[in-house]
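Residue-level listing of the chains:
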Amino acid sequence: DDLDGFIAGLPKAELHLHIEGSLEPELMFALASRNGVEIPFKSVEEVRAAYEFSNLQDFLDIYYAGANVLRTEEDFRDLAVAYFDRAAADGVTHAEIFFDPQTHTHRGIPFGVAANGLLAGMAEAEAKHGLTSKLILCFLRHLDEDDAFRTLTQAQPWIDRIAGVGLDSSEVGHPPSKFQRVFDAAGAMGLKRVAHAGEEGPPEYVREALDLLHIDRLDHGNRSLEDPQLVTRLARGGMTLTVCPLSNVKLCNVASIDVHPIDRMLKLGLRATVNSDDPAYFGGYIGDNYRAVARGRGLGRDAIVTLARNSFLGSFLADDAVAAHL
Ligand code: ADE
Ligand code: ZN
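Definitions and cut-offs
- Residues numbered from 1 in each chain as written.
- Chains lettered and ligands numbered in written order.
- Predicted model: local features only at pLDDT ≥ 70, side-chain atom pairs only at ≥ 80, totals over all residues.
- Near = placed C-beta within 6 Å.
- Nonpolar A, V, L, I, M, F, W, Y, C, P; charged D, E, K, R; others polar.
- Axes fitted to C-alpha atoms, helices over the stretch in contact; angles between N-to-C directions.
- Helix = DSSP H or I, 4+ residues; strand = E, 2+ residues; numbered from the N terminus.
- Left-handed = near helix turned anticlockwise from the far one by under 90°.
- Contact = placed C-beta atoms within 7 Å.
- UniProt positions renumbered as here; feature names shortened; annotations may be inferred.
- Buried ≥ 20, exposed ≤ 12 C-beta atoms within 10 Å, placed from the backbone.
- Pairing = 2+ DSSP bridges.

## So, the site of ligand 1
Around ligand 1 sit H18, G21, L56, Y63, D168, S169, H196, E199, S247, D277 and D278, and that is every residue in its neighbourhood. For the shell around ligand 1, the class distribution of residues is 2 nonpolar, 5 polar and 4 charged.

So this is what it looks like as structure tokens:
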């Protein structure tokens, strides 16, 4: 039967997407040339060939280097519009996208250049495709607490257009506890809170994200499966996990798509969702991720519908908007 057509036609929300990770090599070259920025690759093929990773840090090194071509508001808008065009074609009707302001402010690009450009792209996607979106500011966890506080201060003029804060970059050695105070401050501003935890880090980091950061949503969360009590807590609490199957395989956190635990998560009662993380680097957008787990794990239509439904239930949309998407 036409499983691909079924997946494409199913309305979905994307809840785990780093906009800088949607920078395709073609756009990287176009922006490098437009901005007169040197990149250490001769061709699009050479860039793609460099995308072989054995862990998260391998990927992050090349991902931060790629972001160097992003210089102007127009660059950020073009990046966002390119992502939303792909997402709309995959049946995404709502997206909550991450950006990493420190990746840009640390190379002299003001917070507002990234924020204004992305917000312009978001408005364009809604006008063009009816695709709604929210913006989540991620703190880089390999940097210190003061730097995260400075970033939250820089965000103040845009705070009414930012839905929440997140925590990403190198996980192991940078536990959630390092950012407890800045997450408290963000919560006091009325922002939603999410964090990457249990991608490479241990179940204890997931517990810290719950207990110390008071997260509203858990990004990845795979390693929670090592701790049955934690699984029970996440399931009972209705916590949404933003799982990224192709990312897990590319970063060698899961051996192959055929052994991905997405269906095990659903059977354990976890509110798991399927997302693309960094699609330009991991070989696929959200539709590719759904198709990969559907084939690799033999998911039926019922499981696929559950995953898509979970994505709206786990979104930061108001209840009436969730109902309108389902
Ligand atoms: N930044 C972009 N993608 C990431 C991931 N999968 N984990 C941590 N930080 C990231
Ligand atoms: Zn991520």
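Having seen the model, we can carry on.
## Observations concerning the packing of helix α5 (residues 73–89) against helix α7 (residues 111–129)
Following both chains from N to C, one finds α5 and α7 inclined at 35°, their axes separated by 7 Å at the closest point. Considering the relative orientation of α5 and α7, their crossing is right-handed. Where α5 abuts α7, its residues E73, E74, D75, F76, R77, A80, V81, F84 and A88 lie against V113, A114, N116, G117, L118, A120, G121, M122, E124, A125 and H129. Its residues assigned to classes, the contact of α5 with α7 shows 11 nonpolar, 4 polar and 5 charged.

## Considerations on the UniProt feature "binding site: substrate" (unreviewed entry) in the protein
Mapped onto the present numbering, the UniProt feature "binding site: substrate" (unreviewed entry) falls at D278. Considering the arrangement of structural elements, one finds D278 in the loop between β8 (271–274) and α14 (279–282). You can call D278 buried: it has 26 C-beta atoms within 10 Å. With sequence-adjacent residues up to four places away left out, D278 is seen in contact with H18, G21, Y63 and S247.

## Some details on the sheet that holds strand β7 (residues 240–243)
Spatially, β1-β2-β3-β4-β5-β6-β7-β8 is the arrangement adopted by the 8 strands of the open sheet, whose pairing is parallel. The sheet is open, and its two edges are formed by β1 (12–14) and β8, each paired on a single side. Across the sheet, the mean angle from the axis of one strand to that of its neighbour is 25°, orientation sign disregarded. Examined bridge by bridge, β1 and strand β2 (residues 92–99) share 3 bridges and lie parallel to one another. Note that in β2 the partner of K12 across the bridge is V92. Of the strands in this sheet, β5 (192–197) and β6 (217–220) are in contact with helix α10 (residues 203–211), which crosses β5 at around 175°.

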